[in-house]
Amino acid sequence: MKQNPTRRDLQAIETRQRIFDTAFQMISEFGFDNVTVEGICKQSGVAKGLFYHYFDSKADIIIETYRDVDDRFSGEIDQLPLNTKPIDRILLAVNFQARYAEEKGLPFTTQIYKHQIDTGASFFSSEKRAFYQLIRRAVVDGQENGDLRSDHDPDEITRLVLCTSRGITYDWCLRKGEYDLGKIMERYFRIFTAGFQA
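All figures in this text were calculated on a predicted structure; none of them were measured in a lab. (Residues numbered from 1 in each chain as written. Predicted model: local features only at pLDDT ≥ 70, side-chain atom pairs only at ≥ 80, totals over all residues. Heavy atoms only, no water.)

Draft legend 1. The overall build of the protein chain, seen in detail. Each helix and strand counted, the protein chain has ten helices and zero strands in total. Reading the protein chain from its N terminus to its C terminus gives the helix and strand order α-α-α-α-α-α-α-α-α-α. Split into buried and exposed, the 198 residues of the protein chain put 44% on the buried side. Here the analysis covers contacts within the protein chain between residues at least 6 apart in sequence; of these, 67% occur between residues at least 24 apart. Within the structure as shown, the protein chain displays about 11400 Å² of accessible surface, and the carbon and sulfur contribution to it stands at 50%. (Helix = DSSP H or I, 4+ residues; strand = E, 2+ residues; numbered from the N terminus. Buried < 20%, exposed > 50% of the residue type's maximum accessible area, 1.4 Å probe, protein only. Contact = heavy atoms within 4.5 Å. Areas by Shrake-Rupley, 256 points an atom, 1.4 Å probe, with all protein chains shown as cover.)

What follows is the structure, given as structure tokens:
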């Protein structure tokens, strides 16, 4: 039987979130390389040791963002009607990516993309991530019910979906957010997904 969180548990959750939110704001404003753990601790009003209690390093702030993506997207998938078409689940995934990037803002999203290769790359690109697995499940379901072409491996299609959505988001950062990312993501993926529909 699951116990209700204690006051201490709730305080720990609040402290960890405060550290993350502070780091998020500082990285957005000053850039990842210009933010220190000491600065994050000072701004959030916690001891340095407490930062390392919750995060292994500053790089964990980047990884935490990916975990947040996975958790929130999993929640959205859970709310979908059971008869939602696989192609619509794939479109939901890439549209979610666009919404998340716009919500976090251009400065932070740009910082995330600048540091993906050096910071948290193994987690970001892991095929064990919930985000990857939920897209793959939609692909497999689509192939099994005849909605999607079955002449390509589901992992290949899933990786192609993610490569394309990352590329669109990267272009949005490169162009300094000059267009509506959500609208472009939707439009381009409507064209893109036609290529692997049965």
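From this point, the discussion proceeds with the structure in view.
Draft legend 2. Just the pattern of salt bridges, in detail. Applying the stated criterion to the full structure yields 16 salt bridges. For the salt bridge of Glu64 with Arg67, the shortest nitrogen-to-oxygen distance reads 3.8 Å. Of the two residues, Glu64 and Arg67 are both situated in helix H4 (residues 59–78); the distance of three residues between them amounts to about one turn of the helix. Judged by its relative accessible area of 15%, Glu64 is buried. (Salt bridge = Lys/Arg side-chain N within 4 Å of Asp/Glu carboxyl O.)

Draft legend 3. Spotlight on the packing of aromatic side chains. Using the criterion set out here, one finds nine aromatic pairs in the structure. Each ring, one from Phe24 and one from Phe108, has its centre 4.4 Å from the other, and the planes form 65 degrees; the classification is edge-to-face. Of the two residues, Phe24 sits in helix H1 (residues 7–30) while Phe108 sits in helix H6 (residues 106–115), which places them 84 residues apart along the sequence. Using a relative accessible area of 12% as the deciding quantity, one classes Phe24 as buried. Summarising the aromatic geometry, the rings of Tyr66 and Phe124 are spaced 4.8 Å apart at their centres and angled 45 degrees between planes, so their arrangement reads as tilted. Here Tyr66, found in helix H4, pairs with Phe124, found in helix H7 (residues 121–124); they are 58 residues apart in sequence, far enough to count as distant. Grouped by ring-pair contacts, the aromatic residues Phe73, Phe96, Tyr100 and Phe131 constitute a single cluster. Sitting over the ring of Phe32, Lys58 keeps its end group 4.2 Å from the ring centre. (Phe/Tyr/Trp six-rings, centres within 6.5 Å; stacked < 30°, edge-to-face > 60°. Lys NZ or Arg CZ within 6 Å of the ring centre and 35° of its normal.)

Draft legend 4. Looking closely at the packing of H1 against helix H2 (residues 37–44). Running from amino to carboxyl end, H1 crosses H2 at an angle of 120 degrees, the nearest separation of the two axes being 9 Å. H2 is crossed by H1, and the crossing has right-handed handedness. On the side of H1, the interface is formed by Arg18, Ile19, Thr22, Ala23 and Met26, while H2 contributes Gly39, Ile40, Gln43 and Ser44. Considered class by class, the residues forming the contact of H1 with H2 number four nonpolar, four polar and one charged. (Axes fitted to C-alpha atoms, helices over the stretch in contact; angles between N-to-C directions. Left-handed = near helix turned anticlockwise from the far one by under 90°. Nonpolar A, V, L, I, M, F, W, Y, C, P; charged D, E, K, R; others polar.)

Draft legend 5. Representation of unusual backbone geometry. Even without being glycine, Lys176 reaches a positive phi, approximately 60 degrees. Here Lys176 is to be found in the loop between helix H9 (154–174) and helix H10 (181–193).

Draft legend 6. A look at the environment of Gln133. Structurally, the position occupied by Gln133 is in helix H8 (residues 130–144). In sequence terms Gln133 and His53 are 80 residues apart; their C-alpha atoms lie 30 Å from each other. Sequence-distant contacts of Gln133, that is, excluding residues within four places in its chain, are made with Glu127 and Lys128.

Draft legend 7. Region of interest: the packing of helix H5 (residues 86–104) against H9. Here H5 crosses H9 at 25 degrees, and the two axes come no closer than 11 Å. It follows from the interaxial angle that H5 and H9 lie roughly parallel. Pair H5 / H9 crosses with right-handed handedness. Mapping the contact onto sequence places Ile90, Val94, Gln97, Ala101 and Glu102 in H5 and Val161, Ser165, Thr169 and Trp172 in H9. The residue inventory of the contact of H5 with H9, partitioned by class, reads five nonpolar, three polar and one charged. (Parallel < 35°, antiparallel > 145°, perpendicular 65-115°, else oblique.)

Draft legend 8. View of H5. Helix length check: H5, at 19 residues, gives a terminal C-alpha distance of 27 Å against a target of 27 Å (1.5 Å per residue), a fit within 8%. In the stretch just after H5, Gly105 is the one whose phi turns positive, near 100 degrees. (Expected span 1.5 Å × (residues − 1).)

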